[in-house]
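Geometric and topological summary
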Amino acid sequence: NAGVTQTPKFQVLKTGQSMTLQCAQDMNHEYMSWYRQDPGMGLRLIHYSVGAGITDQGEVPNGYNVSRSTTEDFPLRLLSAAPSQTSVYFCASSYSGVRQGGKLFFGSGTQLSVL
Amino acid sequence: AQSVTQPDIHITVSEGASLELRCNYSYGATPYLFWYVQSPGQGLQLLLKYFSGDTLVQGIKGFEAEFKRSQSSFNLRKPSVHWSDAAEYFCAVGAIKSDYKLSFGAGTTVTVRA
């Protein structure tokens, strides 16, 4: 059982470049989300999805796009990378929402540097 | 909006000693509270959660946490730490209005010395 798989593990971009961080889960979870982790700030929610075709913004959505065409995949797109987007990115999924006791399953992260 | 404060950035503890990590939350109603652990180079793993009922909750790896409404706290404890407990620990609070949004604290890094 692979759980939540993120690729790539490491990426270096130049300012202005675009890229897509991939996230896939094999647990048939409806809920998926993207967080960024920065020193001293914990994890901040970027975007989330409660099912195929449904996405919404989190705390820090600017500069990022998402789509959810299948239950399994939830890619995060950086359209024009900026140094402020240097961070560690985590994808997470859950079988239910918070009130139903939904436990988040996290991927192992993508370390992104924007020069 | 809900928020979480973890006052201790870094804690060093001897192996076999007890550990307590502090967490204070700000939320207008009964919160949904979580503790997650992140081992080096890994994603986060749920240790325990509190939704309602008994204010002392047990989790995995020998951890427990106590919800104190009067102090807006949800402190994590372990009676005797092992070297493998060296990690970063995050407290998180869930919002009723938004069923899927968790707000995380900044984290506490735990170092275990022999």
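Up top you'll find the structure we're talking about.
What this report covers is the structure whose coordinates are included nearby. (Residues numbered from 1 in each chain as written. Chains lettered and ligands numbered in written order. Predicted model: local features only at pLDDT ≥ 70, side-chain atom pairs only at ≥ 80, totals over all residues. Heavy atoms only, no water.)

Describing the state of the cysteines
Residues and elements named next belong to chain A. For the structure on display, the rule yields 2 disulfides over all chains. Disulfide pairing places cysteine 23 opposite cysteine 91 at an S-S distance of 1.8 Å. Note on the cysteine 23 and cysteine 91 pair: the S-S dihedral is about -70°, so by sign convention the disulfide is left-handed. Taken together, the residues cysteine 23 in strand β3 (residues 19-25) and cysteine 91 in strand β9 (residues 87-94) connect sequence positions 68 residues apart. Taken individually, cysteine 23 and cysteine 91 each receive the classification buried, so the pair is uniform in this respect. (Disulfide = S-S within 2.5 Å. Helix = DSSP H or I, 4+ residues; strand = E, 2+ residues; numbered from the N terminus. Buried < 20%, exposed > 50% of the residue type's maximum accessible area, 1.4 Å probe, protein only.)

Some remarks on the nonpolar core
All names here are of chain B. Within the largest apolar cluster, 26 residues are counted, with the highest numbers of intra-cluster contacts made by Trp35, Leu48, Phe74, Leu76 and Tyr89. Those elements that place two or more of their residues in this core are β2 (10-14), β3 (19-21), β5 (32-38), β6 (44-50), β8 (64-68), β9 (73-78), β10 (87-94) and β12 (108-113). Among the elements that make up this core, the one with the highest residue count is β10 (4 residues). Setting aside anything within four residues of it in sequence, one finds leucine 48 in contact with Leu33, Phe34, Trp35, Val57, Gln58, Gly59, Phe63, Glu64, Ala65, Phe74 and Leu76. (Core = buried A, V, L, I, M, F, W, Y, C linked by side-chain atoms within 4.5 Å. Contact = heavy atoms within 4.5 Å.)

Digging into the pairing of β6(B)
All names here are of chain B. Across the 7 residues of β6, 5 count as buried, placing the element largely inside the fold. Relative to β6, β5 runs antiparallel, the two being bridged by 6 bridges. When the sheet's bridge partners are listed, tyrosine 36 is paired in β6 with leucine 46. Where β5 folds back on β6, the antiparallel hairpin that results is connected by 5 residues, among which glycine 41 adopts a positive phi of roughly 75°. (Pairing = 2+ DSSP bridges.)

A look at the sheet that holds strand β8 (residues 76-78) of chain A
Residue and element names in this part refer to chain A. If you trace the 4 strands from one edge of the open sheet to the other, you get β1-β3-β8-β7, paired in antiparallel fashion. On the outer flanks of this sheet lie β1 (4-7) and β7 (64-66), each paired with one strand and no other. This sheet shows a mean twist of 20° between the axes of neighbouring strands, independent of strand direction. (Axes fitted to C-alpha atoms, helices over the stretch in contact; angles between N-to-C directions.)

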